[in-house]
Amino acid sequence: MNSVGVLGAGAWGTALAQMLASDGRDVLIWAREEELVEEINSAHTNSLFLPSAKLAETIRATGELDEMARLDTLLVVTPAQHMGSVLDSMPSHPRDLVLCSKGIEAGTGQLMNHVAKRAAPGSAIAVLSGPTFAHEVAAGLPTAVTLACDDGEAQWDRLSPVIARQAFRPYYSDDVVGAEIGGSVKNVLAIACGVVDGIGLGQNARAALIARGYAEMLRFGEALGARAETLAGLCGLGDLVLTCSSTSSRNFSLGKALGEGQKAAELMAERKTVAEGAHTAPVLVELAARHAVAMPIVTAVYGLLKGDEPRKVVSDLLSRPLRAEQGNAE
């Protein structure tokens, strides 16, 4: 049996560890916080990030990266902006790295698979992405995800038995870029949907924003080499619908607070957990401009995070020229 671990003990990393341990498998999880390592090992809880879950006794926590390096398969669930530095700190890397963090690296504009290849050139890279709330996965509720394997079907044959469980169903893809773009762009769009909810603009407006946001995701993805059918699946449209519809989404709840009049800087300073869309928005705007892709909703979110007034942003979006629904223009 392949040894497996989770790099990162936030809510999503802890939920994935719980899912992997649901068949009695030993799972090693890495936490940066010394007190969290102790709590997981002694009390089998994570009161800091996932207080609702009683963790399986086959989950063991460590603060030592060299222990993680000796595993066969490692699910990487660190915040996207810290993934490169954590992987760089490891003495070596497992054969398979499964990237579960959604975002684009600020500064370099690189997708997570490029960051991982830079830090761990000897590892095969896969991306796990889809409509997943951590507390539901930890509770064993049915979940389906995309598992995109850069090493193709040979890697899928290695990873699918390690990851699949009765209530956690991965679907194969070899479109790593598409899987990543879906997960990255939807975080920014979820902030926009939260703003719509916070202002009180209604369900019609939110549904329209999801549809038009998906059009932006598709344009951007295709410009970077993603396949349209990937973005129409679990890791694109599926994840977009989930995170744009519930305050269980950190990005949606951030946007809702912005729509209610709170300030972005204050909201970000108060949060223990990361709303990745706030970090992704500025780099996504830059990449869209570089590739000549129109992304007005994403650009509007960036403006909100810089302090633009929400109702003015919405008014500007509604005042844009009328055009055909289909096509590559904005």
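Note that the coordinates shown come from a computational prediction; the quantities given were computed from them, not determined experimentally.

Enquirer: Please explain the sheet that holds strand E1 (residues 4-7) as it appears in this structure.
Expert: Each strand in a sheet pairs with another by means of backbone hydrogen bonds, the pair being arranged parallel or else antiparallel. The eight strands lie next to each other as E3-E2-E1-E4-E5-E6-E7-E8, forming an open sheet whose pairing is mixed. Two strands lie at the open edges of the sheet, namely strand E3 (59-62) and strand E8 (168-173), each paired on one side alone. Shown here is a sheet whose adjacent strand axes are inclined to one another by a mean of 25°, direction ignored. By the bridge criterion, four bridges tie strand E6 (residues 124-129) to strand E7 (residues 143-149) in an arrangement that is antiparallel. The residue bridging Ala-126 from the neighbouring strand is Cys-149, located in E7. Against the sheet, helix H11 (residues 234-243) engages E6, E7 and E8, with an angle of about 145° to E7.

Enquirer: Please explain empty space enclosed by the protein as it appears in this structure.
Expert: In this approach the atoms are scanned with a rolling probe the size of a water molecule, which exposes any empty space left behind. Applying the stated criterion across every chain yields a total of one cavity of 30 Å³ or more. As a volume, the largest cavity reaches approximately 40 Å³. Breaking the lining of the largest cavity down by element, the ones donating at least two residues are E6 and helix H8 (176-199). Take the lining of the largest cavity: its biggest share by element is four residues, from H8. Tallied by class, the residues present in the lining of the largest cavity amount to four nonpolar, five polar and two charged.

Enquirer: Looking at this model, I keep getting lost on the pattern of salt bridges. Mind explaining?
Expert: A side chain of one charge can pair with a side chain of the opposite charge when the charged atoms of the two come close. Considering all chains together, one arrives at 14 salt bridges under this definition. In this structure, Glu-286 and Arg-290 form a salt bridge, with 3.2 Å as the shortest nitrogen-oxygen distance. With Glu-286 and Arg-290 both in helix H14 (residues 276-290) and four residues apart, this pair spans about one turn of that helix. You can call Arg-290 exposed: its relative accessible area is 53%. One network of salt bridges, with partners in common, ties together Asp-96, Asp-151 and Arg-158.

Enquirer: Even after reading the chapter, I still don't get unusual backbone geometry, so can you show me in this structure?
Expert: Even without a glycine there, the phi angle at His-44 is positive, about 55°. The topology assignment puts His-44 in the loop between helix H2 (34-43) and E3. Residue classification places His-44 among the buried positions, given a relative accessible area of 15%.

Enquirer: Looking at this structure, I do not really get the layout of surface pockets. What am I missing?
Expert: Taken as a whole, the second largest pocket encloses approximately 630 Å³ of empty space. At the level of secondary structure, the elements contributing two or more residues to the lining of the second largest pocket comprise H8, helix H9 (203-223), helix H15 (296-306) and helix H16 (310-318). Among the elements that line the lining of the second largest pocket, the one with the most residues is H9, at six residues. Along the lines of polarity and charge, the residues of the lining of the second largest pocket split into 19 nonpolar, no polar and seven charged.

Enquirer: What exactly am I supposed to notice about the packing of H8 against H14 here?
Expert: Between two packed helices, the angle of one axis relative to the other and the distance separating the axes together describe the packing. Where H8 contacts H14, the two axes come as close as 8 Å, and the packing angle between them is 105°. Relative to H14, the element H8 lies roughly perpendicular. Of H14, the residues touching H8 (which contributes Ser-184, Val-185, Asn-187, Val-188 and Ile-191) are Glu-276, Gly-277, Ala-278, Thr-280, Ala-281 and Leu-284. In terms of residue class, the contact of H8 with H14 is built from six nonpolar, four polar and one charged.

Analysis parameters
Residues numbered from 1 in each chain as written. Predicted model: local features only at pLDDT ≥ 70, side-chain atom pairs only at ≥ 80, totals over all residues. Heavy atoms only, no water. Pairing = 2+ DSSP bridges. Helix = DSSP H or I, 4+ residues; strand = E, 2+ residues; numbered from the N terminus. Axes fitted to C-alpha atoms, helices over the stretch in contact; angles between N-to-C directions. Contact = heavy atoms within 4.5 Å. 1 Å grid on protein atoms, 1.4 Å probe; cavity = no way out; pocket = protein on both sides within 12 Å on 5 of 7 lines; lining within 4 Å. Points joined across faces, edges and corners; volume = space filled by probe spheres on them. Nonpolar A, V, L, I, M, F, W, Y, C, P; charged D, E, K, R; others polar. Salt bridge = Lys/Arg side-chain N within 4 Å of Asp/Glu carboxyl O. Buried < 20%, exposed > 50% of the residue type's maximum accessible area, 1.4 Å probe, protein only. Parallel < 35°, antiparallel > 145°, perpendicular 65-115°, else oblique.

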